[in-house]
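Residue-level listing of the chains:
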Amino acid sequence: MSTTLFVRHGTTTWNETGRIQGWAPVSLTEWGREEAVAVADHLAAARDVDALVTSDLDRARETAEAIADATGAPIETDARLRERDFGVFQGLETGSFFDDYPAFDLLENGHDAAAATAESGESWLDVRSRVLDAAADLADRDGTVVAVSHGGPIRLVTGHHRGLDPERALTELAVDNCSITEVDDEPGENSGESRSLVRSNATPFRE
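Treat the numbers as computed from the prediction; the structure is a model and nothing was measured.

## A short note on the overall build of the protein
- Per the secondary structure count, the protein includes 8 helices and 6 strands.
- Secondary structure elements of the protein, listed N to C terminal, follow the sequence β-α-α-β-α-β-α-α-α-β-α-α-β-β.
- In summary, the protein has a C-alpha radius of gyration of 16 Å against a globular reference of 17 Å for 207 residues, a match within 12%.
- Counting the 207 residues in the protein, one finds 53% classified as buried.
- Pairs at least 24 residues apart make up 69% of the contacts formed inside the protein by residues separated by at least 6 positions.
- Approximately 9,300 Å² of the protein is accessible, and the part contributed by carbon and sulfur atoms is 44%.

## Re unusual backbone geometry
- We note that S120 has phi near 65 degrees; this positive angle belongs to a residue other than glycine.
- Examined against the element boundaries, S120 turns out to sit in the loop between α5 (106–115) and α6 (124–139).
- When its relative accessible area of 62% is taken as the criterion, S120 is described as exposed.
- Phi is positive for C178, close to 65 degrees, though the residue is something other than glycine.
- Residue placement: C178 occurs in the loop between α8 (166–172) and β5 (180–184).
- With a relative accessible area of 0%, C178 lands in the buried category.

## Overview of the environment of T77
- Position of T77 relative to the elements: it lies in strand β3 (residues 75–77).
- The exposure class of T77 is partly exposed, given its relative accessible area of 45%.
- Between the C-alpha atom of T77 and that of A64, which follows or precedes it by 13 residues, the distance is 9.7 Å.

## Section: the sheet that holds β5
- Across the sheet, 6 strands lie side by side as β3-β2-β4-β1-β5-β6; this open sheet has mixed pairing. Edge positions in the sheet fall to β3 and β6 (196–202), since each of these pairs with one other strand and no more. Each neighbouring strand pair of the sheet contributes to a mean axis angle of 20 degrees, computed without reference to strand direction.
- In the packing of helix α3 (residues 58–71) onto the sheet, the strands contacted are β1 (2–8), β2 (51–54), β3 and β4 (143–149), and the crossing angle to β2 comes to about 165 degrees.

## Topic: the pattern of salt bridges
- Counted under the stated rule, the structure contains 10 salt bridges.
- With its nearest N and O atoms 2.6 Å apart, the salt bridge here joins E35 to R206. One end of the pair, E35, is in helix α2 (residues 30–46); the other, R206, is in the segment after β6, with 171 residues separating them in the sequence.
- Classification of E35 by relative accessible area gives buried; the value is 3%.
- The salt bridge involving R141 is made with E76; its shortest N-O contact spans 2.8 Å. Taken together, the residues span a long stretch of sequence, with R141 in the loop between α6 and β4 and E76 in strand β3 at a distance of 65 residues.
- One continuous salt-bridge network, built from bridges that share partners, spans R47, E182 and R199.

## Observations regarding the packing of aromatic side chains
- Per the stated rule, a full pass over the model turns up 7 aromatic pairs.
- Relative to W124, the ring of F86 has its centre 5.8 Å away and its plane inclined at 85 degrees; by these criteria the two rings are edge-to-face. On the criterion of sequence distance, the pair formed by F86 in the loop between β3 and α4 (97–100) and W124 in helix α6 is long-range, its members being 38 residues apart.
- In this structure, R19 packs its charged tip against the face of W14, placed 4.0 Å from the ring centre.
- The side chain of R82 reaches across the aromatic face of W23, ending 4.3 Å from its centre.

## Some details on helix α7 (residues 151–162)
- The end-to-end C-alpha separation of α7 is 16 Å, in line with the 16 Å expected for 12 residues at 1.5 Å each.
- Within α7 the residues assigned to the buried category are G151, G152, P153, I154, R155, L156, V157, T158, G159 and H161.
- Count one or two residues on from α7 and you reach G163, which has phi positive near 75 degrees.

Conventions used here
- Residues numbered from 1 in each chain as written.
- Predicted model: local features only at pLDDT ≥ 70, side-chain atom pairs only at ≥ 80, totals over all residues.
- Heavy atoms only, no water.
- Helix = DSSP H or I, 4+ residues; strand = E, 2+ residues; numbered from the N terminus.
- Rg over C-alpha atoms; globule rule 2.2 N^0.38 Å.
- Buried < 20%, exposed > 50% of the residue type's maximum accessible area, 1.4 Å probe, protein only.
- Contact = heavy atoms within 4.5 Å.
- Areas by Shrake-Rupley, 256 points an atom, 1.4 Å probe, with all protein chains shown as cover.
- Pairing = 2+ DSSP bridges.
- Axes fitted to C-alpha atoms, helices over the stretch in contact; angles between N-to-C directions.
- Salt bridge = Lys/Arg side-chain N within 4 Å of Asp/Glu carboxyl O.
- Phe/Tyr/Trp six-rings, centres within 6.5 Å; stacked < 30°, edge-to-face > 60°.
- Lys NZ or Arg CZ within 6 Å of the ring centre and 35° of its normal.
- Expected span 1.5 Å × (residues − 1).

So this is what it looks like as structure tokens:
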């Protein structure tokens, strides 16, 4: 059986200050590193991890390093698992962003906002295409694969399996730092596909 465990990176300094991260080289906070160790220890105890693939952005790699230390799986990188490239918007505060740039507000503009491309960046539809391609390649592997990624891409993967359009996936689904989203080959009641969503936004290491 093939299983993919998508793990969001740990908390970063920009998560805490409410800034758009995109592809910025942002590091984990001390708490983020503790989260990464906690999810790594949980995965090592719960699963035999056959492969570990990560976004090549710093915050994801830091999280993957903790998982590699706990599971013994070597780290591979895949840039398709990156967060959205927000281009010129990178580093801006999230709180006032839609007031200043309403065309990118998914709640107000739906599909048009999902298709909107940030200057020097990409659209949410671009992200969805590349991350689903990456997920399909991960699904072709045997065994359990841990994929360390980011909030937006994991929302889009989850939404794909729930039959949600991109704008609903991005606005309705939660993906906490270091949460686990599991996709495998077992048939699921909410999916007609061969692969199904087993759980999403799970944080068993906090229980």
